[in-house]
Structures are given as C-alpha cells and as structure tokens.
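Chain by chain, the residues run as shown.
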Amino acid sequence: MQRREFLRLIGAGAALAGGLPVGSAFAGAAPHVVVVGGGAGGATAAKYLKLADPGLRVTVIEKNPVYIRPYGSSEVLNDHIGMEDLEVGYDALRDRYGIEFLFDTVTGVDPEQRVVQTAGGTRLPYDRMIVSPGIELLYDRIDGYSETLAETRLPSAWIPGGQTRLLRDQLHAMRPGGTFLIVAPPNPYRCPPGPYERGALMAEWFQTHNPTAKVIILDSKDSFVPGPSMLLGWNRLYGYNVPEHFREGMPLDGDWPLREHDGPGMIDWVPGYDGGRVLALDANGGAVEAEAGHFEADVINIVPPMVAGRVAFEMDLVDGSGYCPIDRRTHESTRHPGIHVIGDACQADTMPKSGYSANTQAKVAARAVVDLLAGRETEEPFWENTCYALAGQEYGLYVADVFRLVDDRIRRMDGPRFLPLDASRAQIRLGALYQNHWMQTFTKDCFA
C-alpha cells in the first residue's frame, strides 16, 4: 500500500464516522497511548508508560504474539542457544502492568484525528502514539540478490526467523575446508558489532567441526565498532594478522600479546580500502563480485542495506534519509505531531541502532509522553547504550556510551568506551559473562 493511500484510508473512514476529537480520551476516560511494534523499543515504552503513570490506558499493536529477539541471534548458528531461546512472550506485560495487546497489523492512521486502524477492522483513537517499527532490509540494493533468494537459498538472517534456521543448517552442512562469506552492510545499520561477531562465532565453531574452513568478511566500510578489540580477538583466537594502522595500543608483550602469524588465519576481513565493497551477487555460481575481485563461497550470507521499517514509510514518518526525523527531547515526529518514533527507525544522530538504544529511547519517549499528557514540560533527557559482543564464547567485548543533547543533537560524551586492549584474560572472560547476564536482564527489563 502506498503511503498516501495508507493515510487517506483511515482519514476517509474517520470523516464518515463523524471523526473522533483529539481530546476524547481526556474528556471521558484515561488518556490512551497506542504503541505500534512490540519489539525491545515498543515493549519497553509500554512498560515504562505504565510505571510512570499506572492510570494511563496503553495498547500495543503487534502482528506476532511471540517476539523473536534479534540481539544474540547469531548464537543460534553455533548451537550456543536454540531458536526457542530467542522467543519472548507478552504475558508479563499484560498481567503485571495491565497493558492491552492487539495482535494485528496497522493498515491506516489519521494523524490529525488521531485514529489508527488495523487489518482486523479495529479502529483505536489515541491521545499519543509511540511507533517502534524496526528496520526494513533492502535486498534488491545488492545486484543479483532478492528477498526470494534470502528466504530460499542465500539467507540474510539479520531479522531472526526461518532464515536463521536455514543459515545454521547450511553452515553445519558445509563441506570440509569450505568458505563462509559474509557481506557486511553499509552504515547506518542495526547492531554495529553483529556481522563481525557472527564471523568470529562461526570461526570458533569451525575450529572444532571444520578446522580447515575459512570465513571471509567483505565490507564497504574502512572500520567498524568495536574494531580494534575485535581484531585483537581474531588475532589471538583465529590467526588473523591485524593491519598495521589498527595496532596502536595493542599489547606487544605480557601473557597474551598481539601475534604475527606466518600464514593466513581462519578469518579474512576485506575492508573498503582494500576493495571490500560488493558489486554483484552470482547466486547460481555461488560467488560475489567485489571491487577486490571474484569471491567464491560455499555459504554466502549477505546483510543488505537497511532503512526504517515499512510502517514508518506508510505513516509518512520518514524523510529522504530513509529514517524518521524527531524532536530529540521527546522523540516526537517532526512530520506528524502526536506520534513519537523510537528505536532503529528514528534519526538519533550518534546513537547506534541497537536493542539497548531502543530501550533507553523508549524510556525517554515514555517520560515525555506522560509529561505532555499532564501538561508538564519534560526534563532534558540523556541516553545510554552498551553493545556486548563475543569474539569467542569466553572472549567478551563491549562498547559503552552516554549521550546528551548538544546543540539540539544527540552527542556521545567523551570517556572510555571499549574493553581496554591490554585487558587481562580474566577481564576478557568477565566480558563474556557480562554479555550473557546482560542478555537475560535486558530482556526482563523490556518484557517482564
């Protein structure tokens, strides 16, 4: 459905019904906040709205009754967890906080009358709306690639589900000495450490099950987060030779120094400056053409470019950047008042697109919505983010940041960000434990 049709559909319906005044919930009942999207951002927003004001009516519209979390989903590929471990339900949010759930798809919104309509025929008036639509993968931006190929033969598995199972099965069935090729996405994209963690986790699995296998990561970018920490982990675990200009600060002595390996290791990262940008996919030939040349592989895993989720386009919340402009103080859309956008879909300047960012943005938006409904001015927010990643099951990494408003933009504050490059083995092991425990506590913060 085209964006204009999406907006006009509900607008016409509202007019025929005589319209619903914006202040209707104020006049006769508790203010009603509708949350579109029940992922990490949407679920957190709903929960923290009720925590801030239990008298609010909060309804989440989400198409799936069970959420499959993307964060940590690469650990399905190496059998560290199963697909069922990614599944999260909504019972706790419903039973503990009184949040209402409508498992349906939004088909129209009238931002002036403040009414949202679903495919099942439900029409909900709202006083404020929070939208957390996630991302949409642009499969066709890679010449020769398509969503059909991703679903059947060459999975992306960046949004977990059937493609994750398919990729896991392909990797486990890969011939001895085969090549696993990952195409990393351009900026901005969800989960900055993700493609590189995926390569590391499979390298670790290959060491036991397919020790002559190779992992190649083709990348249009010249660096990534957390670059030096991950490159040092690859050096120590998989025989990767760190490029000279990334070696600053890496330990040259001690009990776990940077090593110079005689031959190629299990992982090869081809950055943009070495011709890592992919030009085309030859699906039938099992190869990709990059600026650096022709790469054949047994398993090809393309993470395509991405933009805001489909519903954000249909609701006319997106500008030419492919993402949703917002008032940074409240996360309210600058295109449609009364609608707040959080998570991967919003333009949050220096904040990464991550589950943690969505969670902290949800809390800022929830606070702002409660204040706006009460007629109060909201306080100046700040945000946090931590991305944990694994170079191996006992090799933990992280990047942690605090963000504040500076000149009406979200800026990262100066300070230590990464696991120190001279961290001890015990600190590295603790990083892996932190990652594991964070996964559990973070999920509870969002959904329980």
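Predicted model only: the values in this text are computed from it and were never measured.

Caption draft 1: Region of the structure containing the UniProt feature "domain: FAD/NAD(P)-binding" (unreviewed entry) in the chain. UniProt annotation of "domain: FAD/NAD(P)-binding" (unreviewed entry) refers to residues 32–136 when read in the numbering used here. Within residues 32–136, the helical portion is 19% and the strand portion 35%, while the C-alpha atoms at the span's ends are 28 Å from each other.

Caption draft 2: Representation of helix α3 (residues 40–52). When the terminal C-alpha atoms of α3 are compared, their 18 Å separation across 13 residues agrees well with the 18 Å that a helix rising 1.5 Å per residue should span. Summarising burial for α3: 10 of the 13 residues are buried, a large majority. Those residues of α3 that sit buried are A40, G41, G42, A43, T44, A45, A46, K47, L49 and K50.

Caption draft 3: Structural view of the packing of aromatic side chains. Applying the stated criterion to the full structure yields 20 aromatic pairs. When the centroid spacing of 4.8 Å and the interplanar angle of 35° are considered together, the rings of Y90 and F101 count as tilted. On the criterion of sequence distance, the pair formed by Y90 in the loop between β4 (87–88) and α4 (91–97) and F101 in strand β5 (residues 100–103) is long-range, its members being 11 residues apart. One exposure class covers both Y90 and F101, and it is buried. Summarising the aromatic geometry, the rings of Y196 and F224 are spaced 3.7 Å apart at their centres and angled 10° between planes, so their arrangement reads as stacked.

Caption draft 4: Highlighting the nonpolar core. Formed by 97 residues in total, the largest nonpolar core has its most connected members in M129, F180, F206, W234 and L281. Ranked by residue count, the leading element in this core is helix α7 (residues 194–209), at 6 residues. Three or more residues apiece are contributed to this core by two domains, here domain 1 (32–137 + 307–379) and domain 2 (147–304). Excluding its chain neighbours within four sequence positions, the residues that come into contact with L281 are I142, D143, G144, Y145, L149, L154, A287, V288, I300 and I302.

Caption draft 5: Representation of the pattern of salt bridges. Applying the stated rule across the entire model yields 21 salt bridges. Between D219 and K221 there is a salt bridge, with the nearest N and O atoms lying 2.8 Å from each other. The same class applies to D219 and to K221, which are both buried. For R335, the salt bridge is made with D316, and the minimal N-O distance between the two is 2.9 Å. Of this pair, R335 sits in the loop between β20 (332–333) and β21 (339–341) while D316 sits in the loop between α9 (310–314) and β19 (326–327), and the two are 19 residues apart along the sequence. For R335, a relative accessible area of 32% gives the class partly exposed.

Caption draft 6: Structural view of the layout of surface pockets. The computed volume of the second largest pocket comes to approximately 510 Å³. Around the second largest pocket, the lining is made up of 26 residues, and of these P192, T350, M351, P352 and K353 lie nearest the centre. Going through the elements one at a time, β22 (382–392) and β23 (395–406) are the ones with two or more residues in the lining of the second largest pocket. By residue number, the principal contributor to the lining of the second largest pocket is β23, which donates 3 residues. Tallied by class, residues from the lining of the second largest pocket come to 13 nonpolar, 6 polar and 7 charged. When residues of the lining of the second largest pocket are sorted by domain, at least three fall in each of domain 1 (32–137 + 307–379) and domain 2 (147–304).

Caption draft 7: Structural detail: the domain arrangement of the chain. Partitioning the chain into structural domains gives domain 1 (32–137 + 307–379) and domain 2 (147–304). A C-alpha centroid distance of 32 Å is found between domain 1 and domain 2. Opposite the 19 residues of domain 1 that make contact, domain 2 presents 21 residues. Carbon and sulfur atoms make up 68% of the surface buried where domain 1 meets domain 2, a total of about 1,800 Å² over both sides. On inspection of domain 1 and its partner domain 2, the count reaches 2 salt bridges. Residues D79 and R168 are paired through a salt bridge, measuring 3.0 Å at the closest nitrogen-oxygen approach. Run the count over domain 1 and domain 2 and you get 5 residue pairs in polar contact (both at pLDDT 80 or more). Counted by class, the side of domain 1 that touches domain 2 contains 10 nonpolar, 4 polar and 5 charged residues.

Caption draft 8: Highlighting the sheet that holds strand β6 (residues 106–110). Read from one edge to the other, the open sheet built from 3 strands follows the order β6-β7-β8, with strand pairing classed as antiparallel. Edge positions in the sheet fall to β6 and β8 (123–125), since each of these pairs with one other strand and no more. Neighbour-to-neighbour, the strand axes of this sheet turn through a mean angle of 20°, independent of strand direction. With 4 bridges joining them, β6 and strand β7 (residues 115–118) adopt antiparallel strand pairing. Bridged to D110 within β7 is V115.

Caption draft 9: Region of interest: the confidence of the model for the chain. Here the chain averages 94 in pLDDT, while 94% of its residues score no lower than 70. Within the model, pLDDT remains below 50 along residues 10–26, and this stretch shows 30 contacts once partners closer than five positions in the same chain are excluded.

Caption draft 10: Broad picture of unusual backbone geometry. Omega for the peptide link from N187 to P188 comes to -10°, which places this bond in the cis form. Along the chain, P188 falls in the loop between β11 (179–183) and α7. For the peptide bond that leads from V225 to P226, omega is -5°, which places it in the cis range. For P226, the location among the structural elements is in the loop between β12 (214–218) and α8 (227–238). One non-glycine residue, D407, adopts positive backbone phi at about 55°. Here D407 lies in the loop between β23 and β24 (409–412). For D407, a relative accessible area of 71% gives the class exposed.

Parameters at a glance
Residues numbered from 1 in each chain as written. Predicted model: local features only at pLDDT ≥ 70, side-chain atom pairs only at ≥ 80, totals over all residues. Heavy atoms only, no water. UniProt positions renumbered as here; feature names shortened; annotations may be inferred. Helix = DSSP H or I, 4+ residues; strand = E, 2+ residues; numbered from the N terminus. Expected span 1.5 Å × (residues − 1). Buried < 20%, exposed > 50% of the residue type's maximum accessible area, 1.4 Å probe, protein only. Phe/Tyr/Trp six-rings, centres within 6.5 Å; stacked < 30°, edge-to-face > 60°. Core = buried A, V, L, I, M, F, W, Y, C linked by side-chain atoms within 4.5 Å. Domains from an automatic or database assignment. Contact = heavy atoms within 4.5 Å. Salt bridge = Lys/Arg side-chain N within 4 Å of Asp/Glu carboxyl O. 1 Å grid on protein atoms, 1.4 Å probe; cavity = no way out; pocket = protein on both sides within 12 Å on 5 of 7 lines; lining within 4 Å. Points joined across faces, edges and corners; volume = space filled by probe spheres on them. Nonpolar A, V, L, I, M, F, W, Y, C, P; charged D, E, K, R; others polar. Buried area = accessible area lost by both parts, 1.4 Å probe. Polar contact = N/O pair within 3.5 Å; in protein donor to acceptor, adjacent residues only side chain to side chain. Pairing = 2+ DSSP bridges. Axes fitted to C-alpha atoms, helices over the stretch in contact; angles between N-to-C directions. pLDDT = per-residue confidence, 0-100.

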